[in-house]
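Report on the structure
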Amino acid sequence: MRSIDELCENSARALAQRTSRRSLLAALGQLLTGAALLPLLPMDRAHRARADEARPEALGPDSCQYWKHCAIDGFLCACCGGSSTACPPGTAPSPISWIGTCHNPGDGRDYIVSYNDCCGKTSCGNCECNRNEREKPMYRPSRNNDLNWCMANANVNYHCTVSVILGVANK
Ligand code: ABN
């Protein structure tokens, strides 16, 4: 019976006879290139976004799920050239607004938030956010937020909405 040593030696010799140094280097090169390109291949990273949706406190003010937008109805000004508290250039905040109370999971407190519409340009169309927490149906107009708060502005064109924190809500 042939020993394992003999078997290994013979198969190594047979491989060496069949393989040139050049082809070995080519195979090694292919292996290294493949390994280097592996991180560039398309991957499904959607699970990360889904994980963030499950943790609203991880999102910023340009996300509809951000805590202080809990009663908003409109386009987020942060996606329209302004910020979550400042109207975009060329628009003016409405003096009348919708008021909501939102819970901040970051500090566990409730805050009074004013949703002012920014007026003077046509609808922004970006980041529509319609959360309307505790809003009542249209047949109770004083408790319904589906209104153009630019109605009292010189230019009544609605553009987007800001969420301005007015203060902590007392229990
Ligand atoms: N408050 C935003 C808005 C504007 C026009 C119509 C409905 C809602």
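Everything that follows concerns the structure shown earlier in this document.
Below, the structure is looked at part by part. Each chain carries its own residue numbering, running from 1 in the written order of its sequence. Given that this is a predicted model, residues contribute local features only at a pLDDT of at least 70 and side-chain atom pairs are listed and counted only at 80 or more, while totals for whole chains, interfaces and linings are drawn from all residues. Heavy atoms throughout the structure, all of them, feed into the side-chain values; hydrogens and water do not.

1. Quick word on the side chain of N145
For the record, the criterion: Secondary structure elements follow DSSP: runs of H or I no shorter than four residues count as helices, runs of E no shorter than two count as strands, and numbering proceeds from the N terminus. Any two residues having at least one pair of non-hydrogen atoms within 4.5 Å are treated as being in contact.
Positionally, N145 belongs in the loop between β5 (128-130) and β6 (158-168). When near neighbours in sequence (up to four residues on either side) are disregarded, N145 contacts A71, I72, D73, W98, N132 and E135.

2. Side note on the state of the cysteines
The line we're drawing: Cysteine sulfur atoms are paired as a disulfide whenever they come within 2.5 Å of each other. Burial here depends on accessible area, computed with a 1.4 Å probe over protein chains only, as a share of the maximum for the residue type. Under 20% is buried, over 50% is exposed, and the range in between is partly exposed.
Counting across every chain of the model gives 7 disulfides. In this model, C70 is linked to C102 through a disulfide, with the two sulfur atoms separated by 2.1 Å. Because the torsion about its S-S bond is -85 degrees, the bridge between C70 and C102 counts as left-handed. Here the residue C70 occupies a position in the loop between α3 (46-54) and β1 (73-75), and C102 occupies one in strand β3 (residues 98-104), the gap between them amounting to 32 residues. No difference in accessibility class separates C70 from C102, as the two residues are buried. Disulfide partner of C119: C150, at an S-S distance of 2.1 Å. With the S-S dihedral at roughly -90 degrees, the linkage between C119 and C150 falls on the left-handed side.

3. Some details on the pattern of salt bridges
Heads up, the rule is: A carboxyl oxygen of Asp or Glu within 4 Å of a side-chain nitrogen of Lys or Arg is what we treat as a salt bridge.
On inspection of all chains with the given rule, the structure shows 2 salt bridges. D107 is the salt-bridge partner of R109, the closest N and O atoms lying 3.7 Å from each other. Note that R134 and E133 form a salt bridge whose closest N and O atoms lie 3.7 Å from each other.

4. What to know about the site of the ligand
Quick note on the threshold: For each residue, the test is whether any non-hydrogen atom lies within 4 Å of the molecule or strand; if one does, the residue is near. Any pair of nitrogen or oxygen atoms within 3.5 Å is treated as a polar contact; in protein, a donor-acceptor pairing is required on top of that, and neighbouring residues in sequence qualify only through side-chain atoms on both sides. Per-residue and other accessible areas were derived by the Shrake-Rupley procedure at a 1.4 Å probe size, with only the shown protein chains allowed to occlude residues. Amino acid classes used here: Ala, Val, Leu, Ile, Met, Phe, Trp, Tyr, Cys and Pro are nonpolar; Asp, Glu, Lys and Arg are charged; the rest, including Gly, are polar.
Taken together, D73, D117, D146, L147, N148, W149 and Y158 make up the full set of residues near the ligand. D73 places a main-chain nitrogen or oxygen 3.3 Å from a nitrogen atom of the ligand. Considered on its own, the ligand offers 260 Å² of accessible surface; in the complex 80% of this is hidden by protein. Its residues assigned to classes, the shell around the ligand shows 3 nonpolar, 1 polar and 3 charged.

5. Points about the pairing of β3
The side chains of a regular strand alternate, residue by residue, between the two faces of the sheet. Applied cut-off: What makes two strands pair is DSSP finding at least two bridges between them.
Only one face of β3 is buried, namely the one carrying W98, G100, C102 and N104, since none of I99, T101 and H103 on the opposite face is buried. Following β3, the chain reverses through 4 residues before pairing antiparallel with strand β4 (residues 109-119); G108 in that reversal takes a positive phi of roughly 75 degrees.

6. A word on the environment of I99
Topologically, I99 is positioned in strand β3. It is 6.1 Å that separates the C-alpha atoms of I99 and Y115, two residues lying 16 residues apart in sequence. Residues contacting I99, with those up to four places away along its chain left out, are I112, V113, S114 and L166.

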